[in-house]
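# Understanding the architecture of this molecule
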Amino acid sequence: MKKLLLGTPILLALAGCVESTDGTSASGTPTAAEQVCLRDVTATTNNPDVVLLGSEFSEAGTLVRVGVGSDRAPWQCIAYSDGTTAGIEFLGSEGFL
């Protein structure tokens, strides 16, 4: 019984998170959150060659991973339900740019 009770908070915490493994929604197209991050990472990097690597939804905001350029340099972005973004940042090493 204790194991079940101890595991319940963890399950409840994870219930709000869904990870896209193929980088798209169930319909095969990027979600609205993914689209705004793709747009804003494109603007930040001044590089239109972006690809969706994946995303993790939460009520606080959707964390979106984006590959930029032919070498798919890793970037991330947080998209909010009101259509804004924040936390756009490069995740690789300086030598990777």
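A brief look at the structure comes next. For clarity, every value in this text was computed on a predicted model and none was experimentally measured.

What follows covers the overall build of the chain. Assigned secondary structure in the chain consists of 2 helices and 5 strands. In sequence order, the secondary structure elements of the chain are arranged as α-β-α-β-β-β-β. When the 97 residues of the chain are sorted by exposure, 26% land in the buried category. The long-range share in the chain, meaning contacts at least 24 apart out of those at least 6 apart in sequence, stands at 32%.

Walk down a regular strand and you will see the side chains alternate between the two sheet faces. Where strand S2 (residues 50-57) and strand S3 (residues 62-68) come together, 6 bridges link them in antiparallel fashion. Each bridged residue has a counterpart across the sheet, and for Ser55 the counterpart in S3 is Val64. Taking the residues between adjacent antiparallel strands as the criterion, S2 and S3 are bridged by 4 residues.

With respect to the helices and strands, Asp40 occurs in helix H2 (residues 32-45). For Asp40, a relative accessible area of 16% corresponds to the buried category. Reaching out from Asp40, the side chain makes a polar contact with the side chain of Arg39 at a distance of 2.7 Å. In this structure the side chain of Asp40 is engaged in a polar contact, spanning 2.5 Å, whose partner is the side chain of Thr85. Sequence-distant contacts of Asp40, that is, excluding residues within four places in its chain, are made with Thr85 and Ile88.

A word on the state of the cysteines. Across all of its chains, the model carries 1 disulfide by this definition. Covalently, Cys37 is tied to Cys77 through a disulfide, its sulfur atoms 2.2 Å apart. What sets the handedness of the Cys37 and Cys77 disulfide is the S-S torsion sign, and at about -75 degrees it is left-handed. Of this pair, Cys37 sits in helix H2 while Cys77 sits in strand S4 (residues 73-79), placing them 40 residues apart in sequence. Each of the two residues, Cys37 as well as Cys77, counts as buried.

Time to look at the packing of aromatic side chains. Within a pair of aromatic rings, the relevant descriptors are the distance that separates the centres and the angle that separates the planes. Tallying each qualifying case throughout the model produces 1 aromatic pair. Summarising the aromatic geometry, the rings of Trp75 and Phe90 are spaced 5.6 Å apart at their centres and angled 55 degrees between planes, so their arrangement reads as tilted. Of this pair, Trp75 sits in strand S4 while Phe90 sits in strand S5 (residues 85-90), and the two are 15 residues apart along the sequence. Across the pair, exposure class does not vary: Trp75 and Phe90 are buried alike.

In this section: the nonpolar core. Counting residues in hydrophobic clusters, the biggest one holds 14 residues, and the most contacted among them are Cys37, Val41, Val64, Val66, Val68, Trp75 and Ala79. Elements with a contribution of two residues or more to this core: H2, S3 and S4. When residues of this core are assigned to their parent elements, the largest contribution, 5 residues, is made by H2.

Definitions and cut-offs
- Residues numbered from 1 in each chain as written.
- Predicted model: local features only at pLDDT ≥ 70, side-chain atom pairs only at ≥ 80, totals over all residues.
- Heavy atoms only, no water.
- Helix = DSSP H or I, 4+ residues; strand = E, 2+ residues; numbered from the N terminus.
- Buried < 20%, exposed > 50% of the residue type's maximum accessible area, 1.4 Å probe, protein only.
- Contact = heavy atoms within 4.5 Å.
- Pairing = 2+ DSSP bridges.
- Polar contact = N/O pair within 3.5 Å; in protein donor to acceptor, adjacent residues only side chain to side chain.
- Disulfide = S-S within 2.5 Å.
- Phe/Tyr/Trp six-rings, centres within 6.5 Å; stacked < 30°, edge-to-face > 60°.
- Core = buried A, V, L, I, M, F, W, Y, C linked by side-chain atoms within 4.5 Å.

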